[in-house]
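Report on the structure
Read off the chains here:
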Amino acid sequence: MRNPNLLDPRTAMGLPGRFHDRLGRNLLSAHEDLVECDAVQLIEVLESISADRQRRFAAGLMLGLRGDPRISVERPQMIRLAGGRVTLGLSRHEVERVVAQWAHHGVQREWILKECPEYECDVAPFALARFPVTNAEYRAFLEATHSDLLPTSWQFGMYPAWFANHPVWTVPPAAADAYAAWLNERTGRRFRLPTEAEWEYAASDGGRREDPWLSLLNI
């Protein structure tokens, strides 16, 4: 298995080298009725398990342009975690099993080894944002601070309006710290990046689960 860090993005994601559009032609015109929907209706479509992929994606695009009411710069939705004495890391006896289980995704043995050894630590109660910081929220930070910490994923430095409610990415660590500091000053609250232990505890829901996204969706 080739190291995905050395592959181009399409190959790493298992996409063909030739053009392939999974959403189909004329995505928005095929769902023109969504233009008349308000934000609440668009969220219902977006979060529906019965709507097809194309319609949900179109609803997400419209919601990004209209403004997603689930996203608030100054009042981000937070999930409170109890903390306590928790077990983190990975036992060396589990390394080979985990590597074999995820080898089809290009997981390398050294990636798993760095999670060893398994250990216990105390995690104080804390709250974690329910949603990642979005492009829209990061734009507010840039406008307020006149910072030049632009995401490299913003082509030509242009704000991706279609993806306003998508997580911002390709920002350096200094930008993430600067965003938290700006939000502290703006709100009078205390925000920061989670520690590695806090992040692992939150991702596993404190239950040592290997598929943490399944549990987090039900919080």
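Observations regarding the overall build of the protein
For the protein, the helix and strand inventory stands at 9 helices and 4 strands. Among the 219 residues that make up the protein, the fraction classed as buried is 30%. Contacts spanning at least 24 positions in sequence make up 70% of the contacts within the protein whose residues lie at least 6 apart.

With respect to the pattern of salt bridges
Overall, the coordinates contain 11 salt bridges when judged by the stated rule. Glu198 is the salt-bridge partner of Arg192, the closest N and O atoms lying 2.7 Å from each other. Within this structure, Glu47, Asp68 and Arg70 form a network of salt bridges that share partners.

Examining the packing of aromatic side chains
Per the counting criterion, the structure on display carries 8 aromatic pairs. Centroid distance Tyr138 to Tyr179: 6.3 Å. Interplanar angle 20 degrees. Geometry classified as stacked. Of this pair, Tyr138 sits in helix α6 (residues 135-145) while Tyr179 sits in helix α7 (residues 173-187), and the two are 41 residues apart along the sequence. Across this residue pair, the class does not change: Tyr138 and Tyr179 are buried. Ring centres of Trp154 and Tyr159 lie 5.5 Å apart, and the angle between their planes is 75 degrees; this geometry places the pair in the edge-to-face category.

As for the nonpolar core
Leu34, Leu42, Ala59 and Leu63 are the most contacted members of the largest nonpolar core, which has 13 residues in total. Residue assignment for this core shows that the elements contributing at least two residues are α2 (39-46) and α3 (53-66). Excluding residues that lie within four positions of it along the chain, Leu34 makes contacts with Leu42, Val45, Arg55, Ala58, Ala59 and Met62. Core analysis: the next-biggest nonpolar cluster, separate from the first, contains 12 residues, Tyr138, Phe141, Leu142 and Leu183 among them.

A few points about the confidence of the model for the protein
Mean pLDDT over the protein: 87, with 89% of residues reaching 70 or higher. Scored below 50 in pLDDT, residues 214-219 shows 6 contacts in the model against residues more than four places distant or in partner chains.

With respect to α3
Along an α-helix, a turn takes 3.6 residues, which lines up residues three or four apart on a common side. Helix length check: α3 (14 residues) gives 20 Å between terminal C-alpha atoms against 20 Å at 1.5 Å per residue, within 8%. Ala58, Ala59, Gly60, Leu61, Met62, Leu63 and Gly64 are the residues of α3 that are buried. Considering only its buried residues, α3 is in contact with α2. Where α3 begins, one side-chain oxygen reaches toward the backbone nitrogen of Gln54, 3.3 Å away; that side chain belongs to Asp52.

Structural notes on unusual backbone geometry
A cis amide bond links Cys116 with the next residue in sequence, Pro117, at an omega value of 5 degrees. Assignment of secondary structure puts Pro117 in the loop between α5 (109-113) and β3 (119-123). Here the phi dihedral of Asn26 falls at roughly 55 degrees; this positive angle occurs in a residue that is not glycine. Inspection of the secondary structure assignment puts Asn26 in the loop between α1 (9-12) and α2. A positive phi angle is found at His146, which is not glycine, with a value near 55 degrees. Within the secondary structure, His146 sits in the loop between α6 and α7. For His146, a relative accessible area of 69% puts it in the exposed group.

Parameters at a glance
- Residues numbered from 1 in each chain as written.
- Predicted model: local features only at pLDDT ≥ 70, side-chain atom pairs only at ≥ 80, totals over all residues.
- Heavy atoms only, no water.
- Helix = DSSP H or I, 4+ residues; strand = E, 2+ residues; numbered from the N terminus.
- Buried < 20%, exposed > 50% of the residue type's maximum accessible area, 1.4 Å probe, protein only.
- Contact = heavy atoms within 4.5 Å.
- Salt bridge = Lys/Arg side-chain N within 4 Å of Asp/Glu carboxyl O.
- Phe/Tyr/Trp six-rings, centres within 6.5 Å; stacked < 30°, edge-to-face > 60°.
- Core = buried A, V, L, I, M, F, W, Y, C linked by side-chain atoms within 4.5 Å.
- pLDDT = per-residue confidence, 0-100.
- Expected span 1.5 Å × (residues − 1).
- Polar contact = N/O pair within 3.5 Å; in protein donor to acceptor, adjacent residues only side chain to side chain.

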